[in-house]
Amino acid sequence: MVNRASAVHCINPDCKRPYPQPWGNKFCNNCGAVLKLLDRYVPLQSLGAGGFAQIYTVWDEKTDTEKVLKVLIEDSPKALELFTQEAEVLVRLRHPGVPKVEADGHFQVNLSNPKPRQLPCLVMEKINGPTLEEILNQHPQGCTEDLVLNWLTQAVKILQELHKHQIIHRDIKPSNLMLRSPSPSVLTSPGGTGWEQLVLIDFGGAKQFNSARQRQESSSTRLFSSGYSPPEQVTGGNISPSVDFYALGRTMIELLTGRYPPDLEDPQTGVLQWRNRVNVRPALADLLDEMVQEDVRSRPANAAIIQKRLAKINQPSSGKNSPQPVLTQISQQLRLLGQAADQAFSNLGQIIGKILRWTVQTIFQIIKACSLTIWAMLLTGLGAGAGTIAGFILAYQTNLGDRLIEFIITQLPQFIPEPDSGLGLEIIIFAAAGLGTAWGLTASGSFAQRRRFLVASVMGIISYAFAWLLWQVITSNTSEGEGLVSATAIAVFLLSLSMGFRSHHIVYAIIGSLGTAIVVAILIFLGFPPNILQISSRNLWSDLSLPIAFFSSVGILMSFWLGISYYLVVPGLRFLGWR
């Protein structure tokens, strides 16, 4: 029974003095808002804010129990839609792993001060116990396999109930999973955790789905939790119940390792590298790895499949003729021997072993990175050289160059003050060199790019052609060398932006363009001739050697600096928190 001397809390978000209010008052002394809701619920204290709502503890005079009151304080239509959606879902569900909400638990309170409005309210069962996030904070090295396996089993049963009602939660993470404390006696029971029933909370992002049409329908509300939601949910694509399996798998991996899932991602592939951090049963590890696959088709199709696999993990096979008992004994003996061996080694030996493993892995990664970067440099250089030759043939051995000069003289006469100078033919060589550079870099497949040949080709032509125009403008006011350096920087910058990297596109573009431009400036300072396209005769192929050398060098330097960005700069930014 609650203490009748307790103070009451006004739920009006605009009330200047909401607490304390005397017990027994029907209306707030400050704003006049009703205090006893539905003549049944008495708000006792504020528990804080969550999303668009304010949370309170309320006393239910009908059942003499404490409950939780959620009050929507945001008045936007989208917030009201999500709040109503959560209420409808919780009213329908009847499962011990979901907070209970009675049929009349969703209602509205009329307010008149400072202006007339309706305040949506939702009363639900109060769960006494910690969240898995709070438990993880107490175990930063990760929780035991048995605990996590127990939580995973309960969570899958909850999801099976949700999906049976055509409901996707869409926001599973450690902070949205609670452990209900059944009774004080359990807390002191030997060998028990003190926390038995898992409860899934926060259904504000829950979504109704139709299994017959889920491939044709996309998510109406783009809601996701960074680090836990799958790619199709983050990008606003079509979603299915497997989004809950993905988030649950990542949550359980975090509970086992004590590490935030993105911190476990391989910087090149994005795959979670976690199995070497904990010692768990291979069957459980395989199941979690399948649940967190980026490809929806590679995840378990439904909760029943996951439950069957968990049953096998929890119940090892047995039988008279089965070798499993013998293998189990051998495994236990080996485990004991391994523990004895670990204790026998000194701390110095362990440190040396870790250093050696780290050294070998680092050397392997360096060799792999160097090999892939050299491969990209080779193909990009060859592609740039081939594009330059192709551009020379188009410009000087066909009538395409003459037609282009006529067009430029007509549309942009300021770029070619002397029509007979042959400057208009240079843009063809630049554009073809850009096309070859883009094809070579894309064909290498390096730096986890998406290999978009068409986009890269178009941008290669546009970026290098634009660089030529920029060169003509700058050269008219400054030296030819400065114009060439600026044109190189803009060409590499625009082309890098179009290469389809996984993330940090602006970083690749800036590092690639600045690094390449600086090296070109140094070469010009050391004597490299900036007049790279001085073709004296249409038949002198020897004049083509300098353009080939220049554009091939630019392609090689661009690939080199993109490799520096991919293997050094971007991982460093990820480590600092820029994701």
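All values reported here derive from a predicted model rather than from experimental measurement.

Student: What exactly am I supposed to notice about the overall build of the chain here?
Tutor: A tally of helices and strands in the chain yields 16 helices and 9 strands. Looking at the chain residue by residue over its 579 residues, the buried ones come to 44%. Sequence separation of 24 or more characterises 63% of the internal contacts of the chain that already satisfy a separation of 6 or more. Accessible surface, the chain as shown: approximately 29700 Å² in total, 59% of it carbon and sulfur.

Student: Explain the side chain of Thr380 to me, please; I cannot follow it from the model alone.
Tutor: Relative to the elements of secondary structure, Thr380 occurs in helix H10 (residues 347-396). Those residues in contact with Thr380 that sit more than four places away from it in its chain are Thr437, Gly440, Leu441, Gly555 and Ser559.

Student: Help me out: how do you make sense of the packing of aromatic side chains in this one?
Tutor: Two aromatic rings, taken as a pair, are described by how far apart their centres are and by the angle between their planes. Counting across every chain of the model gives 13 aromatic pairs. The interplanar angle of 20° and the centroid separation of 4.2 Å between the aromatic rings of Phe501 and Tyr508 together place this pair among those described as stacked. Of the residues examined, Tyr508 reaches a relative accessible area of 3% and is grouped as buried. Relative to Phe550, the ring of Phe528 lies with its centre 6.4 Å away and its plane at 35°, an arrangement referred to as tilted. Remark: Phe550 occurs in helix H16 (residues 545-575) and Phe528 occurs in the loop between helix H15 (505-525) and H16; sequence separation between them is 22 residues.

Student: How should the nonpolar core be read in this particular structure?
Tutor: Nonpolar side chains in soluble globular proteins tend to end up buried together. By size, the foremost hydrophobic cluster in this structure holds 58 residues, and its most contacted members are Trp151, Leu152, Phe203, Leu248, Met252, Trp274 and Leu288. No other element matches the 9 residues that helix H3 (residues 145-164) contributes to this core. Formed by 47 residues, the second largest nonpolar core is a distinct cluster that contains Ala369, Trp468, Leu484 and Ala487.

Student: Just to check I follow, could you spell out unusual backbone geometry for this structure?
Tutor: Excluding glycine, most residues fall at negative phi; most peptide bonds, likewise, are trans. At the junction of Tyr19 and Pro20, the peptide bond is cis and its omega measures out at 0° in the coordinates. Mapped onto the fold, Pro20 is located in the segment before strand S1 (41-50). Residue Asn113 is joined to Pro114 through a cis peptide bond whose omega torsion reads 5°. Tracing the sequence through the fold places Pro114 in the loop between strand S4 (106-111) and strand S5 (117-125). With a phi angle near 65°, Phe447 is a residue other than glycine that sits in the positive phi range. Among the secondary structure elements, Phe447 is positioned in the loop between helix H12 (423-444) and helix H13 (453-475). Phi angles above zero are rare outside glycine, and Arg451 is one such case at about 55°.

Student: I'm lost on helix H7 (residues 282-291) in this one. Help?
Tutor: Residues that lie three or four places apart on an α-helix share one face, since the helix turns once every 3.6 residues. Of all the residues in H7, the buried ones are Leu284, Ala285, Leu287, Leu288, Asp289 and Met291. Those residues of H7 that are buried lie in contact with H3, helix H6 (242-257) and helix H8 (303-314).

Student: Explanation requested: the pattern of salt bridges in the structure shown.
Tutor: Inspection of the entire model under this criterion finds 22 salt bridges. One salt bridge connects Glu102 with Arg40, and the closest N-O pair in it is separated by 3.1 Å. You can see Glu102 sitting in the loop between helix H1 (77-92) and S4 and its partner Arg40 sitting in the segment before S1, a full 62 residues away along the chain.

Student: What is the right way to look at the UniProt feature "transmembrane region" (unreviewed entry) in the chain in this model?
Tutor: Look at the UniProt record and you will see "transmembrane region" (unreviewed entry) annotated at residues 372-396, 422-441, 453-471, 483-501, 506-528 and 548-569. Across residues 453-471, helical content stands at 100% and strand content at 0%; the span's end C-alpha atoms are separated by 26 Å.

Student: Even after reading the chapter, I still don't get the pairing of S4, so can you show me in this structure?
Tutor: Two faces, one strand: in a regular strand the side chains alternate between the faces of the sheet. On S4, burial follows the alternation: Phe107, Val109 and Leu111 on one face are buried, whereas His106, Gln108 and Asn110 on the facing-out side are not. Bridge analysis of S4 against S5 gives 6 bridges, and the strand direction is antiparallel. Pairing of Asn110 across the sheet is with Gln118, part of S5.

Quick notes on the rules
Residues numbered from 1 in each chain as written. Predicted model: local features only at pLDDT ≥ 70, side-chain atom pairs only at ≥ 80, totals over all residues. Heavy atoms only, no water. Helix = DSSP H or I, 4+ residues; strand = E, 2+ residues; numbered from the N terminus. Buried < 20%, exposed > 50% of the residue type's maximum accessible area, 1.4 Å probe, protein only. Contact = heavy atoms within 4.5 Å. Areas by Shrake-Rupley, 256 points an atom, 1.4 Å probe, with all protein chains shown as cover. Phe/Tyr/Trp six-rings, centres within 6.5 Å; stacked < 30°, edge-to-face > 60°. Core = buried A, V, L, I, M, F, W, Y, C linked by side-chain atoms within 4.5 Å. Salt bridge = Lys/Arg side-chain N within 4 Å of Asp/Glu carboxyl O. UniProt positions renumbered as here; feature names shortened; annotations may be inferred. Pairing = 2+ DSSP bridges.

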